[in-house]
Amino acid sequence: MLARNATGRSVAVAAQEISLPQTADRWIGGLLGAATATAACTVLLIVGFLLYSSMPLLLSGEFIETVTRHWRPYHMPPEYGIGPMILGSLSLALLALVLALPLGVGLCSFLHGLAPRRLSRPVLIAVHLMTSIPTVIYGFVSVSLLVPLLRRGLGEGSGFSLLAAALTLAMLIVPTITLLLNVHLQQIDPRIRIACLSLGMTPAQTVRRVLLPASRQALLAATILGLSRALGDTLVALMVAGNAAQIPSSLLDSIRTLTAHIALVLATDTYSPEYRSLAAAGLMLFTLTAVLSLLIRQLGRHSRGGSHRAPAIR
Amino acid sequence: MRQRSDSLFAGFAWGATFLVLASIGALLAFLFVRGAGTLGPRLLFGDTAAWAALLRHAPVFDGLWPAVVGTLLLVCGSSLLAVPVGIAAGIHISEYAGPRVRRVAGLCIDLLAGIPSIIMGLFGFGLILFLRQTLLPDANTCLLLSIVCIALLILPYMIRTTETALRSLPEDALLLGPSLGFSRWRAVRHIHLPLASRGILSGMILSVGRAAEDTAVILMTGVVANAGTPQSLTDKFEGLPFTIYYLAAEHRTVGELDRAFGAALILLLVTGTIFGFAYWAHRGLEQRWSLRS
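This structure is a prediction, so every number in the text was calculated from the model and none was measured.

Below, the discussion takes up the domain arrangement of chain A. In terms of domain boundaries, chain A breaks down into domain 1 (2–42) and domain 2 (83–302). Spacing between the C-alpha centres of domain 1 of chain A and domain 2 of chain A amounts to 38 Å.

As structure tokens, this is what we get:
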């Protein structure tokens, strides 16, 4: 199908190159090109803005200090470092990923072989539906349901913790992981399944021993995409994690992420140390997610099934 | 031969599915049970008469109406900006661009799609601080700024879905234009776009959903708790997702918490409906092509 389509396209292009170029056509092409240029420039503009804002820190060499130090604005002397937030972001995202990855893989295995025929479609629709639930609602329900539960169950602390946020965030990234993996599993040659069946393998064996190992790359891409989404999320962390700017040492600690830090700190002018810490946090966050996006692109280039983009229905 | 580890694996898959579905079920059930009682005209308009609020004779103080209006304006405004540009760029990348342009633009759009929404908000916020120090000392965060930043957020989705819809057209549709001697734009306008319209539509609907739900961007760019309905683009505004966030953290009375549940339920119904439309458009598309080939 892919090859057929490619020939069709190249024939179409060749035929159009033979036909005479029309002035109106050129105009329209230029106009459409301007739209693409706008989108591309937007990224450059945002990168430029982040670099420009952190320029004072980068030039004076304070960037490293900012990234490693504590956040103690009312201390004497005050410190405006974002070290705890970086650790907070990383630990929250990784923990959520560790929780979500087995769930996503399990869900996908269920959809591809283990589910009774009548169940598989409704479950897939439910996973799609999960993507349409706003993050603020995940956060809100977590605050009013999960946090009190943790508070009562553990008998200590306020319940606003790394654990609560990670559990909530895991629910948020499960559909991302599941849908990407699902698209890949759907593209696997149906003859492979028939071969497995004729070897007398059970559905569970087929999924575990053949289909999942065959989609190792998609699994990696899904992991990276899930991590990127977990790092970029603001609302769950802001509402559930407690927002204390401290280095996380246990699951029940209140933590603050880079995203929540940006949302919380009030800066009134670009010269203030608060604003500089925001710029540094923004730059760190952008660098992390950009590296992850590039990794996914690279994976997509080497895979047969085309690119590993987030599924259209997020 | 059936091995024990394989049965364990099957159990794990069933368990994972059950766990996820049960959590989502609990989330939805909790929201519906807790929120259903709050629904009603009082939730939207508070003590103000509905017609007076609709005709803007009287301000609404303790209802969700201003937040609904704010979100509506935000969604309409950002879609007006992002949808035409997104569709145009999608057409350009899939139909006009050469391999090198396609690669560079694809890279930029992947990066743009990966940027966390809070950074879009920070960008807007920094832009205002910059403008204040240079050209416009009176610049402040406002509805217009939020519209622009949300538009940037949904732009990559629009481009990607348009591009994907156009690129997954079958071969005969691509050959139809040249075989009739159509110019490139004519083929795109009269053959490719109509055939891809459902895919583009589903992308458009999803972008609208994303514009309606995002909180991080508006948090940084001009949403406030008690703005009322905005009178102009340079006003502060209220938004449904922000109202949920704000009331969840700052509610002082049970009534305010009830309002947060009402807002959450309304937002969920809105995004659920949007999702339903997108799913319907997408499924129609799948059926169309699977019938043909």
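On to the nonpolar core, then. Residues Ile137(A), Tyr138(A), Phe140(A) and Met239(A) are the most contacted members of the largest nonpolar core, which totals 141 residues. With 13 residues, helix α8 (residues 162–187) of chain A is the largest single contributor of residues to this core. Ignoring anything within four residues of it in the chain, the contact list for Tyr138(A) reads Met130(A), Ile133(A), Thr168(A), Met171(A), Leu172(A), Val236(A), Ile24(B) and Leu27(B). Residues Leu32(A), Ala89(B), Met158(B) and Leu195(B) belong to the second largest nonpolar core, which totals 28 residues.

By the definition in use, this model includes zero disulfides over all chains. In this structure Cys41(A) is not part of a disulfide, and its nearest cysteine sulfur, from Cys108(B), lies 8.1 Å away. Judged by relative accessible area, which is 45%, Cys41(A) ranks as partly exposed. Residue Cys108(B) is classed as buried on the basis of its relative accessible area of 11%.

Next up on the list: the packing of helix α6 (residues 117–131) of chain A against helix α1 (residues 4–36) of chain B. A packed helix pair is summarised by two numbers, namely the angle formed by the two axes and the spacing between the axes. Put simply, α6(A) and α1(B) touch, their axes get as near as 11 Å, and they point 50 degrees apart. Put simply, α6(A) runs oblique to α1(B). Crossing hand, α6(A) versus α1(B): left-handed. Between α6(A) and α1(B), the residues in contact are Leu119(A), Val123(A), Ala126(A) and Met130(A) and Trp14(B), Thr17(B), Val20(B), Leu21(B) and Ile24(B), respectively.

On inspection of all chains with the given rule, the structure shows ten salt bridges over all chains. A salt bridge links Asp110(B) to Arg160(B), with the shortest nitrogen-to-oxygen separation between them at 2.7 Å. Separated by 50 residues along the polypeptide, Asp110(B) in helix α5 (residues 99–114) and Arg160(B) in helix α7 (residues 143–167) bring together distant segments of the chain. In this structure Arg160(B) comes out as buried when scored by relative accessible area, which is 11%. For Glu163(B), the salt bridge identified is with Arg160(B), shortest N-O distance 2.7 Å. With Glu163(B) and Arg160(B) both in helix α7 and three residues apart, this pair spans about one turn of that helix. Because the salt bridges share partners, they merge into one network encompassing Arg297(A), Asp110(B), Arg160(B), Glu163(B) and Arg167(B).

A few words on helix α7 (residues 135–154) of chain A. All names here are of chain A. Ser-142 marks where α7 bends most, by close to 45 degrees. Of all the positions in α7, only Thr-135, Val-136, Ile-137, Tyr-138, Gly-139, Phe-140, Val-141, Ser-142, Val-143, Val-147, Pro-148 and Leu-150 are classed as buried. Among the residues trailing α7, Gly-155 stands out with phi positive, at a value near 75 degrees.

Moving on, we come to unusual backbone geometry. Unusually for a residue other than glycine, Asn243(A) sits at a positive phi of about 65 degrees. Tracing the chain through its elements places Asn243(A) in the loop between α12 (235–240) and α13 (258–264).

With that settled, consider the packing of aromatic side chains. Residue and element names in this part refer to chain B. The tally for this structure, following the rule as stated, stands at nine aromatic pairs over all chains. With a centroid separation of 5.9 Å and an interplanar angle of 45 degrees, the aromatic rings of Phe-9 and Phe-12 are classed as tilted. On the criterion of helical spacing, the pair formed by Phe-9 and Phe-12 is a turn pair, its members being three residues apart in helix α1. On the basis of relative accessibility, which here comes to 33%, the residue Phe-12 falls in the partly exposed class.

Turning our eyes to something else, we now look at the side chain of Thr289(A). All names here are of chain A. Here Thr-289 shows up in helix α14 (residues 273–302). Relative accessible area serves as the criterion here: at 1%, Thr-289 is assigned to the buried category. Polar contacts involving the side chain of Thr-289 include one to the main-chain carbonyl oxygen of Phe-286, which spans 3.1 Å.

Here we come to the interface of chain A and chain B. Counting from both sides, the interface comprises 93 residues of chain A and, opposite them, 96 residues of chain B. Across the interface of chain A and chain B, roughly 8300 Å² is buried in total on both sides, 74% from carbon and sulfur atoms. Taken together, the links from chain A to chain B amount to three salt bridges. Its salt-bridge partner being Asp110(B), residue Arg297(A) comes within 2.9 Å of it at the nearest N-O pair. In this structure, the connection of chain A to chain B is made through ten residue pairs in polar contact (both at pLDDT 80 or more). If you tally residues by element for the side of chain A that touches chain B, the top one is helix α2 (residues 23–53) of chain A, at 16 residues. Counted by class, the side of chain A that touches chain B contains 56 nonpolar, 26 polar and eleven charged residues.

About the criteria used
Residues numbered from 1 in each chain as written. Chains lettered and ligands numbered in written order. Predicted model: local features only at pLDDT ≥ 70, side-chain atom pairs only at ≥ 80, totals over all residues. Heavy atoms only, no water. Domains from an automatic or database assignment. Core = buried A, V, L, I, M, F, W, Y, C linked by side-chain atoms within 4.5 Å. Buried < 20%, exposed > 50% of the residue type's maximum accessible area, 1.4 Å probe, protein only. Helix = DSSP H or I, 4+ residues; strand = E, 2+ residues; numbered from the N terminus. Contact = heavy atoms within 4.5 Å. Disulfide = S-S within 2.5 Å. Axes fitted to C-alpha atoms, helices over the stretch in contact; angles between N-to-C directions. Parallel < 35°, antiparallel > 145°, perpendicular 65-115°, else oblique. Left-handed = near helix turned anticlockwise from the far one by under 90°. Salt bridge = Lys/Arg side-chain N within 4 Å of Asp/Glu carboxyl O. Bend = angle between axes of the 7 residues up to and from the residue. Phe/Tyr/Trp six-rings, centres within 6.5 Å; stacked < 30°, edge-to-face > 60°. Polar contact = N/O pair within 3.5 Å; in protein donor to acceptor, adjacent residues only side chain to side chain. Buried area = accessible area lost by both parts, 1.4 Å probe. Nonpolar A, V, L, I, M, F, W, Y, C, P; charged D, E, K, R; others polar.

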